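Descriptive structure summary
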Amino acid sequence: MSVVPELLALVAPSADYTLWKRFTMPTHDGPRSAIAVTLESSKVLQSLYALMLKMIVIQVWYLVVLIGIALSARPNKPRSHNISIANVIIWNAQSSPLDIVKLMFGYIAHISLYAIIWAFLAALAWGASIAFSLLISPELIIGFAAPVSSEAIYVPEFSPIQNQSSYSLRLNSISTSANLRAIGAADNVTSNSNVNVGKPIITTSAFGESIYTINYSYSVSDVDFGLQNTTGLLLTVNGSCFTDYTAYAGADNKTDFPTDVYVLFASNHTAHVSTIDGGPPLATFIIDPADPGTPFGSNISYAITISSLGRKSYTPGTDPWYTTVQLKDDALGAGYIVTQGRPVLNCWQTDIWSYQGKRQSINNLGQLGALSPSFVMTFQRFLSTPRIINLAQSLGTTALKSATGSLGRYFDAQSSNLHDDLQRLVLGAYIATRDMLQETTRFSRQYSDISNLMHGGDGNLLPGADRFVIYTGDAAALSVPMLISVPIVAALLLGLVFLLTTSFPCYAIPWGYVEALRAAVIYSALDNDPKNDHWDRRTPAPIFKPNPNAQGVVHEAHVRPKFERKEWSWYRSEHGSDGTSIATPTTEKKIQEAEIAHSPAAVDESPASK
């Protein structure tokens, strides 16, 4: 019974996408018509098309041989013995170009130019057949993706009416898994050509404080999103952060545990960090409350407070976020503790969408004319706030790289730094942005009161909401033009070669004499009894047809192969005048060897050559 699920998996490995359906595959070279199949099916088809591509080259080679031999072996054209035998070799070995190359080397000393030309052409055909199948067949698979299944799309709707805390928590829990996948992928990426997080630029303030400035940027294209029909759409994100010591308002001595106070955004917001925030270092992102809703050209300002004070380490730290002082008498032997007064990271970020020379912010995304209303709603649902903020807030104590190796309040201060923390979050934000549409097929639907933003009032999917692809290693997108053109070209060439090399009862091809060069025809001429020819040579495969009226007669071959003294030849049997032997028990077949030298001259003088 386990076989059935395995067979079904080959047809439809996942409910998130559909197979054997034509769609538009986004690529960096522009959209391409494609059809999605399982990965295993694509391997089989790729092997099949590699064979067809090789066959195409071989059929072209057959045409070259036909033209060349038909011109060289014309009955009325004078030619040497060696060229005649070379024609026989080429015609009979045309299905193996490499054999022609090897055999022509034996004639270079006698018919140099002729042998070299055919050796070169045969080598070219042999190399082209391999190169064509190896280099062109991979073009069949243009990507590993499949069109999304419309039933799999779910965008949890953020409803301003549902302002209960429980609703917000449940909504956040739905997206947590996507954030975990994004930060997990970021940890496995050391660099990305679309992401840049600069090294800290260190300056000194008037008060002797080290000011760290870190710039970051990333871009996401229509191909990265998986959009099918928006070639040229690009989201460009630029941001910068610097350590701001002026936001520190001092320690709060009214509490029983160490607490630092920060005044942010020109006294519009007050933030507190303390040792009770949790075990590992914790970053809190705060958006400027006076920021004007993302108009074009404006910056989204936000601050990052770090709760690292009071965390203990066995090694000293000098980074602005993790500066330590010596600690004595720790129960677990830690010698250092993070001091108070760690600076805030003061940041800004701009998200610019561009398409065909136009640029807009997320609020005016619909004015670009690139996306359907359903996609505009989806992007505004997830990207109205800088993605790095939602990512960090959702991950909590697991957001920072410095916290990944911590154990309670103990961590390694020496290896921790704000650059690596920010770089991890920027990479995670990039991956979360890039995979945003992919994640709409993975959100949990466990809460019935959280509706699907992509469903209209009639409960059906909004128009255009499914015009994207799912990138997956279990499916492959095959080029439709190549799927169609390769078999057609192969069939046409195969038919052309057949028509040009086959004579019909109603029509004989003018160059039909080339078929007389076949080894079977030459053998039948050698085996012929001039007084009584029983060979039927009306096809390239001669057939010996004895006299049906002869009774008790055993027909034997006149000539037989021989290899003696390192020389190939044939010997002729002794027969009666009719080329037969009488089948009696006392008959002794007397064989008289008559060597027919296997040489170019002998072949040239044969009936087939003439």
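Scroll up to find the structure.
Now for a description of the structure that goes with this document. Keep in mind the model is a prediction, meaning the values are calculated, not measured. (Residues numbered from 1 in each chain as written. Predicted model: local features only at pLDDT ≥ 70, side-chain atom pairs only at ≥ 80, totals over all residues. Heavy atoms only, no water.)

**So, the sheet that holds strand β20 (residues 475–479)**
Keep this limit in mind: At least two DSSP bridges between two strands are needed for those strands to be called paired. Comment: elements are numbered from the N terminus, with helices defined as DSSP H or I runs of at least four residues and strands as E runs of at least two. Orientation is described by axes fitted as lines to C-alpha atoms, over the contacting stretch for helices, and by angles from 0 to 180 degrees between their N-to-C directions. Between two residues, a contact is recorded if the distance between any of their heavy atoms is within 4.5 Å.
If you walk across this open sheet you meet the 4 strands as β1-β2-β20-β3, and the pairing is antiparallel. Of all the strands in the sheet, the pair left with one neighbour each is β1 (22–25) and β3 (141–143). Adjacent strand axes in the sheet meet at a mean angle of 55°, parallel and antiparallel pairs treated alike. In this sheet, strand β2 (residues 32–38) lies alongside β1 in antiparallel orientation, the contact comprising 4 bridges. Bridged to T24 within β2 is S33. The sheet contacts of helix α12 (residues 480–501) involve β1, β2 and β20, and relative to β20 the element is tilted by about 55°.

**Side note on the nonpolar core**
The criterion, for reference: In this description, a nonpolar core means a group of buried Ala, Val, Leu, Ile, Met, Phe, Trp, Tyr and Cys residues linked to one another through side-chain atoms lying within 4.5 Å. Between buried and exposed lies partly exposed: a residue is buried under 20% and exposed over 50% of the maximum accessible area for its type, with that area taken using a 1.4 Å probe on protein chains only.
Formed by 85 residues in total, the largest nonpolar core has its most connected members in F285, Y302, W353, L371, F379 and I388. If we skip the residues at most four places from it in the chain, I388 touches F285, Y302, Q349, L422, L425, V426 and A429. By size, the runner-up hydrophobic cluster in this structure holds 48 residues, among which are Y49, V88, V480 and L517.

**Remarks on the pattern of salt bridges**
For the record, the criterion: In what follows, salt bridge is the name for a side-chain nitrogen of Lys or Arg lying within 4 Å of a carboxyl oxygen of Asp or Glu.
The full count for this structure, using the stated rule, is 9 salt bridges. R518 is paired through a salt bridge with E515; the nearest N and O atoms lie 2.3 Å apart. What makes R518 partly exposed here is its relative accessible area of 30%. Overall, E515 belongs to the buried group, its relative accessible area being 11%.

**Some thoughts on the packing of aromatic side chains**
Heads up, the rule is: Side-chain rings of Phe, Tyr and Trp (the six-membered ring for Trp) are treated as a pair once their centres are within 6.5 Å; stacked means planes under 30 degrees apart, edge-to-face means over 60, and tilted covers the remaining angles. Only lysine NZ and arginine CZ atoms are considered, and such an atom sits over a ring when it is within 6 Å of the ring centre and within 35 degrees of the ring normal.
One pass over the full model with this rule turns up 13 aromatic pairs. Centre to centre, the rings of Y248 and Y262 are 5.4 Å apart; their planes meet at 55°, and the pair counts as tilted. With Y248 in strand β9 (residues 248–251) and Y262 in strand β10 (residues 259–264), this pair connects stretches of sequence that are 14 residues apart. Taking the relative accessible area as the measure of exposure, Y262 reaches 1% and is therefore buried. Grouping aromatic residues by their ring pairs yields a cluster made of F225, W353 and F379. Above the ring of Y447, the side-chain terminus of R170 is found at 5.4 Å from the ring centroid. Lying across the ring of F382, R381 places its NZ or CZ 4.8 Å from the centre.

**A word on the sheet that holds β10**
If you trace the 3 strands from one edge of the open sheet to the other, you get β9-β10-β11, paired in antiparallel fashion. Single-partner strands in this sheet number two, and they are β9 and β11 (269–274). Strand-to-strand twist in this sheet, taken as the mean axis angle between neighbours without regard to direction, amounts to 20°. The pairing of β10 with β11 spans 6 bridges and is classified as antiparallel. In the sheet register, V263 faces β11, and the bridge partner there is T270.

**Digging into a nonpolar patch on the surface**
Our working definition: Patch definition: residues above 30% relative accessible area lacking any salt bridge, with like charges linked at up to 9 Å and the nonpolar side chains Val, Leu, Ile, Met, Phe, Trp and Tyr linked at up to 5 Å. Areas reported as accessible are Shrake-Rupley estimates using a 1.4 Å probe. Residue values count occlusion only from the protein chains shown.
Together, L98, W126, I130, F132, L134, L135 and I136 line one region of the surface with nonpolar side chains, adding up to about 620 Å² of accessible area. It is helix α5 (residues 112–136) that provides the largest number of residues to the nonpolar patch, a total of 6 residues. Take W126: it is sitting in helix α5. With relative accessibility at 39%, the residue W126 sits in the partly exposed group.

Shape is all these values report; function is a separate question.
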